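Listed below are the residues making up each chain.
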Amino acid sequence: MGNTMSRLDSHTLFFGVFGDPIRQSKSPIMLNRAFEAVGMNAAYGAFHIKPGTLKDAIAGIRALQFRGVNVTVPHKVEVMDYLDHIDEAARTIGAVNTIVNDDGKLTGFNTDGIGYIRSLKEETGIELRGRKVLMIGAGGAARGVGYALAKEGTEHIYIANRTTEKAVELAASMSSFASVSGHSLDDIPALAAEAALIVNNTSVGMHPNVDDIPMDVSCIRPDTVASDLVYNPLVTRFLREARDQRGATVHSGLGMFIYQGAYAFEYWTGQPAPVTVMREAVLASFEAAAAKA
Ligand code: ATR
């Protein structure tokens, strides 16, 4: 592997990710590898931005002339107050995860949903037009994924959530661009039987709670695609059981993570992201962490 640091000089372009917590982020490993692969003199850092300091941090992007920044939990909504422009999709979703700095003018984008769709289609080949989808969870991640699914021409999106109220609220807020309804988790068996795609938008099953599962897989049909936004572990209990017990096609959250970063890279640089090396860098980092544990 090459040494990115040796190329840093007075021409280096700066990038980063703002979040709290941030030390677990794989974005620096993935994006520094991407810049290196295309021969760009650039560096990407992880910045621990605590609540109450986001406004100053965004002003810092302008002052220090960072070319671009990713924004992650818990800042994706608040950041919208501090930007000059917000892309229409990001405004509809209500969250920004990517900022592009054009000579001090900051534009916010949301690459989570489009990143999700690109990886889903590439890995499973699913055709979403005219199909029904079941999403479990109604938080921030569900908003971006729901918007992107609707844009693909889904016939209907069912949202099931532990707190039913939140599913109903999210459905109402999406009703201008999608046919969508909110449900309780109890409705899952009936809804799953109709769904071409079931997406886990919750954190259920994420490390260290790897034995948790967001639904009983017995109602999943073999021709269904089961998809999980969780990427640690790479194959969650939900995906493993959907695949092994039901014969479903499965799609891991790693693809969404890679492609949200790939779209950000493309907005910043105007060139195609080196997706294969980005994926390899993230996988290698997981393997290194597993070997240490
Ligand atoms: P994110 O931005 O990652 O989507 P979030 O906005 O906090 O995070 O949303 C988390 C989602 O996971 C919610 O839909 C939450 O359900 P509630 O609205 O009922 O809180 C869901 N979730 C988290 N833990 C869960 C659990 N143990 N069982 C079921 N759903 C859970």
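The paragraphs below set out a description of the structure included in this document. Treat the numbers as computed from the prediction; the structure is a model and nothing was measured.

## Concerning the sheet that holds strand S11 (residues 225-228)
Strand order in the open sheet formed by 6 strands is S9-S8-S7-S10-S11-S12, and the pairing between neighbours is parallel. Every other strand in the sheet has two partners, leaving strand S9 (180-184) and strand S12 (249-251) as the edge strands with one partner each. Averaged over all adjacent pairs, the angle separating strand axes in this sheet is 20 degrees, with direction ignored. Note: strand S7 (residues 132-136) against strand S8 (residues 156-161), 5 bridges, orientation parallel. For Ile136, the partnering residue across the bridge sits in S8 and is Ala160. Across the sheet, helix H5 (residues 140-151) lies against S7, S8 and strand S10 (197-200), angled at about 175 degrees from S7, the strand it touches most.

## Observations concerning unusual backbone geometry
The step from Val73 to Pro74 runs through a cis peptide bond, and the omega angle for that step is 5 degrees. Relative to the helices and strands, Pro74 resides in the loop between strand S3 (68-71) and strand S4 (85-86). Here the residue pair His207 and Pro208 is connected by a cis peptide bond, since its omega of 5 degrees sits within 30 degrees of zero. Looking at where Pro208 falls in the secondary structure, it is placed in the loop between S10 and S11. Within the chain, Gln65 stands out as a residue other than glycine whose phi angle is a positive 55 degrees. Secondary-structure assignment places Gln65 in the loop between helix H2 (54-64) and S3. In this model, Asp103 sits at a positive phi of 50 degrees, which is unusual for a non-glycine residue.

Rules used in this analysis
- Residues numbered from 1 in each chain as written.
- Predicted model: local features only at pLDDT ≥ 70, side-chain atom pairs only at ≥ 80, totals over all residues.
- Heavy atoms only, no water.
- Pairing = 2+ DSSP bridges.
- Helix = DSSP H or I, 4+ residues; strand = E, 2+ residues; numbered from the N terminus.
- Axes fitted to C-alpha atoms, helices over the stretch in contact; angles between N-to-C directions.
- Contact = heavy atoms within 4.5 Å.

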